[in-house]
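Residue strings, one per chain:
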Amino acid sequence: GDDKHLSISVSDTGVGIAGLDLPHIFDRFYKTEESHGTGLGLAIAKSLVVAHGGEIAAESALGKGTTFCITLPM
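Fair warning: this is a prediction, and the values are worked out from it, not measured in the lab.

1. Let's talk about a nonpolar patch on the surface
So, step 1. A cluster of nonpolar side chains, contributed by L6, I8, V10 and M74, occupies part of the molecular surface with about 390 Å² of accessible area.
So, step 2. Checked against the element boundaries, V10 lands in strand β1 (residues 5-11).

Structure follows, in structure tokens:
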């Protein structure tokens, strides 16, 4: 089988995402007190990635930043 894929990672050095919030960030309308948007952006991103057969995930540490990883089949 053809298991070629493209992986993209984007990292920042921002405030990070709390461990209790991290499992929910791709849920529709999920927001924290610090959120400025509608809670839809990451849910839309996930649905687009999944619709193309890919995966999206995030790792984060408070005070150290966040890394988002997207993997798509080629």
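2. Focus on the packing of aromatic side chains
So, step 1. Inspection of every chain in the model, using the stated rule, returns 1 aromatic pair.
So, step 2. Here the aromatic rings of F26 and F68 are separated by 6.3 Å at their centres, their planes lie at 90°, and the arrangement is edge-to-face. With F26 in the loop between β1 and α1 (41-51) and F68 in strand β3 (residues 65-73), this pair connects stretches of sequence that are 42 residues apart.
So, step 3. Relative accessible area serves as the criterion here: at 23%, F68 is assigned to the partly exposed category.

3. Some points on the side chain of D21
So, step 1. Note that D21 resides in the loop between β1 and α1.
So, step 2. Although D21 is buried, it makes no salt bridge; K31 carries the closest opposite charge, 13 Å away.
So, step 3. Apart from the residues within four sequence positions on either side, D21 is in contact with Y30 and T32.

4. Details of the sheet that holds β3
Within a sheet, adjacent strands bond to each other through the backbone by hydrogen bonds, running parallel or antiparallel.
So, step 1. Taken in spatial order, the 3 strands of this open sheet run β1-β3-β2, and their pairing is antiparallel. In the strand order of this sheet, the two ends are held by β1 and β2 (55-61), each with one partner. Adjacent strand axes in the sheet meet at a mean angle of 15°, parallel and antiparallel pairs treated alike.
So, step 2. In this structure, β1 lies alongside β3, joined through 7 bridges in antiparallel fashion. Its bridge partner lying in β3, S9 is registered against C69.

Rules behind the numbers
Residues numbered from 1 in each chain as written. Predicted model: local features only at pLDDT ≥ 70, side-chain atom pairs only at ≥ 80, totals over all residues. Heavy atoms only, no water. Patch = residues over 30% accessible without salt bridge, like charges linked within 9 Å, V, L, I, M, F, W, Y side chains within 5 Å. Areas by Shrake-Rupley, 256 points an atom, 1.4 Å probe, with all protein chains shown as cover. Salt bridge = Lys/Arg side-chain N within 4 Å of Asp/Glu carboxyl O. Helix = DSSP H or I, 4+ residues; strand = E, 2+ residues; numbered from the N terminus. Phe/Tyr/Trp six-rings, centres within 6.5 Å; stacked < 30°, edge-to-face > 60°. Buried < 20%, exposed > 50% of the residue type's maximum accessible area, 1.4 Å probe, protein only. Lys, Arg positive; Asp, Glu negative; His and termini not counted. Contact = heavy atoms within 4.5 Å. Pairing = 2+ DSSP bridges. Axes fitted to C-alpha atoms, helices over the stretch in contact; angles between N-to-C directions.

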